[in-house]
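# Notes for the structure review
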Amino acid sequence: MTFQRFRPSHFTPDFTRILLGTVTVAAIVVTQQQIVVAKSAQEVAEIAAPITVQINSILGDGSGVIVAKSGQKYTVLTVNHVVEDASTEYSIRTHDGENHSATGVTRLQNDNTEPDLAIVEFESNLDYPVATLGDSEQAVIGAQIYVYGYPATGGLTGAEREPELSPGLVTSRPKSRPEGYNLRYQAVTWSGMSGGPVFDGAGRVVGLHGQGEFGFAQTSSGDVAPIKTGFNAAIPINLFIVQLSETPLNVEDLQIDNQPTTATEPTLSLDNPEDAKTFFFRGLTLLDQGYAWEAIEALNQALKRDPNLPEAHFNMGLARTLLAANVTQEIGTVRGSNPIPDYTEAIRLNPGYADAYYNRGLAYLEQKKLDLALADFKQAAQLYRQLGREASYQDAVQRIQELETSM
């Protein structure tokens, strides 16, 4: 069972309507301005490992991060949908393989207008470090982030799950989204990583990962279809600080450092792109914000400089899917909105591109080319199984079954 939550929505104008607004936190005060030096990915992983935990139950598996300690009592921050069932018992598995029964759960979300957050407590006489929390307002577009958690792919549970660090770049900071998910990035994430920490380049927690992989588009027939996007979302840590009064914690119980960071590589500037990498990321950012034509223009510029970028062709297909979703009854299909050639080129350059097969299958389905759609879903299912992406595999299998029943 996956803990990741994906709610259908139209592309109007954003890719998914699943995030919530930015909050400035007055509780974080800098008393003496210093510069924090950015760390390597390996250094961030070393920070992440001892403070990131598994949260397990009979309903499924998620992740969390230790944010406070008082005597033998530890407090873990996670997303609410990992622990939302009040009738279920939860256990915490720490990095050393020890299992601890959850002694308390405080759910901070009452509805989807509130951030998808919760805290879980456990007790241990062992010594575990506590996370340093950063300022999520510094996680601007183009900034380096790292997602850390315990994937539950391929049917792995409990002790079988191994931690994973996934680097990425912030793609957008929407201002008004349900459940607090207004820190978005492109990174590889998996089921089971929900509730895991998102780190900035200095190894400070700036968010809680909780959504990823899917976007939703309305087809011309009025159906809502999920597409694979590669975009992910987290709840900024500042939203947690704002809600501290609803928890047993005080600001003094937390380790907070919101000083500026000097990056080993500067934040990617999108104002005057010149190379393929920058044009590509500019296209991603525009796409994530719902600006399809502008995204296509930027991605075209990236491909002019390097035509052998399967990811650029794939995201070009996403942009055209966005255009196709914004059809009107008067106009019909928007010119240039056919994503199939883009997904086809992405597959040519990367024959193992499972998401490109899946999305092309949806496009064929929209065009009533059922045999081609079925072939693509079968190929996607095979690749998802090889990759251990169980939720995506099951989704592709469902598409196959529906098609075979209707044909």
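Think of each chain on its own: its residues are numbered from 1, step by step along the sequence as written. Confidence filtering applies because this is a predicted model: local features only for residues at pLDDT of at least 70, side-chain atom pairs given and counted only at 80 or more, and all residues used for totals across whole chains, interfaces and linings. Only heavy atoms go into the side-chain values, all of them from the structure, while hydrogens and water stay out.

## Quick look at the overall build of the protein
Strands are runs of DSSP state E lasting at least two residues, helices are runs of H or I lasting at least four, and both sets are numbered from the N terminus onward. The helix and strand inventory of the protein stands at nine helices and 17 strands. Classification of residues uses two cut-offs on accessible area relative to the type maximum, computed with a 1.4 Å probe and protein chains only: under 20% is buried, over 50% is exposed, and between them is partly exposed. Relative to its 407 residues, the protein shows a buried fraction of 56%. A sequence separation of at least 24 residues applies to 70% of the contacts in the protein between residues at least 6 apart. Accessible surface is estimated by sampling points in the Shrake-Rupley manner with a 1.4 Å probe; for residues, cover comes only from the protein chains shown. Just so you have it, the protein exposes about 17,400 Å², and 48% of that area is on carbon and sulfur atoms. By definition in these notes, contact holds between two residues if any of their heavy atoms fall within 4.5 Å.

## Digging into the pattern of salt bridges
Salt bridges are defined by distance alone: a side-chain nitrogen of Lys or Arg within 4 Å of a carboxyl oxygen of Asp or Glu. Taken as a whole and judged by the stated rule, the model has ten salt bridges. The closest approach of N and O atoms between Lys378 and Glu404, which form a salt bridge, is 3.7 Å. Taken as a pair, Lys378 in helix H8 (residues 370-387) and Glu404 in helix H9 (residues 390-406) lie far apart in primary sequence, 26 residues in all. One network of salt bridges, in which partners are shared, links Asp200, Arg204 and Asp257.

## Some details on the confidence of the model for the protein
A residue's pLDDT is the predictor's confidence in that residue, given on a scale from 0 to 100. Looking at the protein as a whole, its pLDDT mean stands at 83, while 82% of the residues score no less than 70. Every residue in residues 1-32 is under pLDDT 50, and counting partners more than four places away or in other chains gives 125 contacts.

## Considerations on the packing of aromatic side chains
By convention, a stacked pair of Phe, Tyr or Trp rings (six-membered ring in the case of Trp) has centres within 6.5 Å and planes under 30 degrees apart, an edge-to-face pair has planes over 60 apart, and any other such pair is tilted. Overall, the coordinates contain seven aromatic pairs when judged by the stated rule. Between Phe314 and Tyr343, the ring centres sit 5.7 Å apart and the planes meet at 55°, which makes this aromatic pair tilted. Separated by 29 residues along the polypeptide, Phe314 in helix H5 (residues 310-325) and Tyr343 in helix H6 (residues 340-349) bring together distant segments of the chain. Classification of Phe314 by relative accessible area gives buried; the value is 3%. We classify Tyr343 as buried; its relative accessible area is 0%. Taken together, Tyr74, Phe122 and Tyr128 form an aromatic cluster joined through their ring pairs.

## As for the sheet that holds strand E7 (residues 104-107)
Spatial strand order, E6-E5-E2-E3-E4-E8-E7: seven strands in an open sheet with antiparallel pairing. The outermost strands of the open sheet, each flanked by one partner alone, are strand E6 (99-101) and E7. The average angle at which neighbouring strand axes cross in this sheet is 35°, direction not considered. By this definition, two strands are paired if DSSP reports at least two bridges between them. Summarising the sheet, strand E3 (residues 60-70) and strand E4 (residues 73-78) pair through five bridges and their orientation is antiparallel. Paired with Val65 across the strands is Leu77, a residue of E4. Each axis is a line fitted through C-alpha atoms, taken for helices only over the stretch in contact, and angles between the N-to-C directions span 0 to 180 degrees.

## Looking at unusual backbone geometry
If you check the backbone angles, Glu179 has positive phi at about 65° while not being a glycine. As for its position among the elements, Glu179 is in the loop between strand E11 (164-172) and strand E12 (183-186). Not every positive phi belongs to a glycine, and Lys368 is a case in point at roughly 65°. As for its position among the elements, Lys368 is in the loop between helix H7 (354-366) and H8. Residue Lys368 is classed as exposed on the basis of its relative accessible area of 64%.

## What about the packing of helix H3 (residues 276-288) against helix H4 (residues 292-305)?
Packed helices, taken two at a time, are described by their axes: the angle between them and the distance between them. The geometry of H3 relative to H4 is characterised by a closest axis approach of 8 Å and an angle of 160° between their N-to-C directions. Overall, the two elements H3 and H4 adopt an arrangement that is roughly antiparallel. Here the hand of the crossing between H3 and H4 comes out left-handed. Here H3 contributes Ala276, Phe279, Phe280, Arg282, Gly283, Leu286 and Leu287 to the contact with H4, which in turn contributes Glu294, Ala295, Ala298, Leu299, Gln301, Ala302 and Arg305. Across the contact of H3 with H4, the residue classes tally to nine nonpolar, two polar and three charged. Note on terminology: angles under 35 degrees are roughly parallel, angles over 145 are roughly antiparallel, angles of 65 to 115 are roughly perpendicular, and the others are oblique. Note on convention: near helix rotated counterclockwise from far helix by under a right angle means a left-handed crossing. Clockwise means right-handed. Gly is placed with the polar residues, together with every amino acid not listed as nonpolar (Ala, Val, Leu, Ile, Met, Phe, Trp, Tyr, Cys and Pro) or charged (Asp, Glu, Lys and Arg).

## Some thoughts on the packing of H8 against H9
Two numbers describe how H8 lies on H9: the axes approach to 8 Å, and their chain directions differ by 155°. What the angle tells us is that H8 and H9 run roughly antiparallel. Of the two possible hands of crossing, H8 and H9 adopt the one that is left-handed. Contacts from Leu370, Ala373, Leu374, Phe377, Lys378, Ala381, Tyr384 and Arg385 in H8 reach Ser392, Tyr393, Ala396, Arg399, Ile400, Leu403 and Glu404 in H9. Considered class by class, the residues forming the contact of H8 with H9 number ten nonpolar, one polar and four charged.

## Details of the nonpolar core
Membership of the largest hydrophobic core comes to 47 residues, with the highest contact counts inside it found for Leu287, Phe314, Tyr358, Phe377 and Tyr384. When contributions to this core are tallied by element, the ones reaching two or more residues are H3, H4, H5, H6, H7, H8 and H9. In terms of nonpolar packing, the next biggest core, distinct from the first, is built from 42 residues, Val53, Ile55, Phe122 and Ala233 among them. In this description, a nonpolar core means a group of buried Ala, Val, Leu, Ile, Met, Phe, Trp, Tyr and Cys residues linked to one another through side-chain atoms lying within 4.5 Å.

## Topic: the pairing of strand E2 (residues 52-57)
Counted residue by residue, E2 has six buried out of six residues, so it is predominantly covered. Residues Thr52, Gln54 and Asn56 line one face of E2 and the alternating positions Val53, Ile55 and Ser57 line the opposite face, and both faces are buried. Of the pairings in the sheet, the one linking E2 to E3 comprises six bridges and is antiparallel in character. What sits directly across from Ser57, in E3, is Gly60. Hairpin remark: E2 followed by E3, antiparallel, with two residues in the connecting loop. Relative to strand E5 (residues 91-93), E2 runs antiparallel, the two sharing three bridges. From the neighbouring strand, Asn56 faces E5, where its bridge partner is Ser91.

## Side note on the environment of Glu297
By the secondary structure assignment, Glu297 is in helix H4. You can call Glu297 exposed: its relative accessible area is 54%. For the pair Glu297 and Leu286, spaced eleven residues apart in sequence, the C-alpha to C-alpha distance is 9.9 Å.

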